[in-house]
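Observations on the three-dimensional arrangement
Below, each chain spelled out in residue letters.
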Amino acid sequence: MQYTMEQNNFSILSTRPLANETMLKAAAAGVALHTESFIETRSIINPEISQYIRQLAKEETNVVFTSMNAADAVIACLQYHNAEPEWTIYTMGGTTRTVIKNYFTNSEINGEATNSTELARAIVDDNIGEIVFFCGNQRRDELPTILQEENIVVIEEVVYETREIPVTIEKDYSGILFFSPSAVRSFFSTNKIGAQTVLFAIGTTTAHELRNYSSNKILVSEFPDKEQLAAKAIEYFSKATTS
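Because the structure is a prediction, the values reported are computed rather than measured. Residue positions are given per chain, counted from 1 along the sequence in the order it is written. Local features in this predicted model are restricted to residues whose pLDDT is 70 or higher, and side-chain atom pairs enter the listing and the counts only when it is 80 or higher, whereas totals over whole chains, interfaces and linings include all residues. As a rule here, side-chain values come from all non-hydrogen atoms in the structure, and water together with hydrogens is ignored.

Of note, T206 is situated in helix α8 (residues 204-211). When neighbours within four sequence positions are excluded, T206 is seen to be in contact with F178, F179, S180, P181, V184 and A201. Numbering of helices and strands starts at the N terminus; helices are DSSP runs of H or I of at least 4 residues and strands are runs of E of at least 2. Contact between two residues is taken to exist if any of their heavy atoms lie within 4.5 Å; hydrogens are not considered.

Okay, here's the thing in structure tokens:
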């Protein structure tokens, strides 16, 4: 999808879909914004996991989410069972927190952070003994490793999977937005970028993955929210347009 205006000076590629409002803001700023997905995710909650989540919804449980995809998968399961748990939740901020807050009205968000390491430290500080970690098949090690080193029992439930879907890009973009390490790997498996292309990362983990593939300038979002990252890129290039 792409929204354009006449005489665009800069073009941005987003490696996942964005809200129409964001697309229109880019066009109004004279920046051409194109979206192309490089990964796809799907819930893999089977009957056994579904029953486990249903039982967990009846208990006072500590749970942690580090991605919106995990939250979406668990929420869909709870909605199917018409269950509204009273959990103590730890979550990444930004979009993930918004999704959780909108559904888990009976639960308490006890901690949030902008990356997995900070979130793990918040959990450790609360001196809990056990936590359920809803995650994907490509989850990173930082959070469970820190918790286990602090003798916290981590029960991992893989509720979604990520698949890379590489796309070859024929155009040179002024900037490219990345929202996960898997999208970085998928993109660079079939593409190269020019030396002047500015890379935008949703967080430090994604930025670290980008450094494995490129020495280009990398700007990192201060908040783990995809629309805010897009806004940062639009502002960056709109300022360059007027300077």
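So, on to the packing of aromatic side chains. Both the distance between ring centres and the angle between the ring planes are used here to describe each pair of aromatic rings. Centre distance within 6.5 Å is the pairing criterion for rings of Phe, Tyr and Trp, where only the six-membered ring of Trp is used; planes under 30 degrees apart are then read as stacked, over 60 as edge-to-face, and the remainder as tilted. Under the defined criterion, the tally for this structure stands at 14 aromatic pairs. Judged by centre distance (5.2 Å) and plane angle (35 degrees), the ring pair of F10 and F237 falls under tilted. Here F237 lies in helix α9 (residues 226-242) and F10 lies in strand β2 (residues 10-14), a separation of 227 residues in the sequence. Feature note: the residues F38, F178, F187, F188 and Y213 constitute an aromatic cluster, connected by ring pairs. By the criterion adopted, a ring carries a charge over it if an Arg CZ or a Lys NZ lies within 6 Å of its centre and within 35 degrees of its normal. If you follow R16 out to its NZ or CZ, it ends over the ring of F179, 5.8 Å from the centre.

Another point: α8. For the exposure calls, accessible area comes from a 1.4 Å probe over protein chains only, and a residue counts as buried if that area is under 20% of its type's maximum, exposed if over 50%, partly exposed in between. The complete set of buried residues in α8 reads T206, A207, E209 and L210. Buried residues of α8, viewed axially, fall in a sector of 160 degrees; they line one side. Seen from the buried face of α8, the exposed residues on the opposite side, beyond 90 degrees, are T204 and R211. Elements in contact with the buried residues of α8: β10 (175-178), α7 (181-188), β11 (198-201) and β12 (218-220). Along the arc lie the directions from the helix axis toward the C-beta atoms.

This paragraph deals with the layout of surface pockets. Points on a 1 Å grid, built from protein atoms alone, make a cavity when a 1.4 Å probe fits but cannot get out and make a pocket when they are open with protein on both sides within 12 Å along at least 5 of 7 lines; residues with an atom within 4 Å of a point are the lining residues. Grid points are joined across faces, edges and corners, and a volume is the space filled by probe spheres set on the points. The space that makes up the largest pocket amounts to roughly 1200 Å³. Forming the walls of the largest pocket are 47 residues, and the residues nearest its centre are T66, S67, F179, S180 and P181. Each residue belonging to the lining of the largest pocket can be placed in one class, and the counts come to 16 nonpolar, 23 polar and eight charged. Residues are sorted three ways: Asp, Glu, Lys and Arg are charged, Ala, Val, Leu, Ile, Met, Phe, Trp, Tyr, Cys and Pro are nonpolar, and all the rest, Gly among them, are polar.

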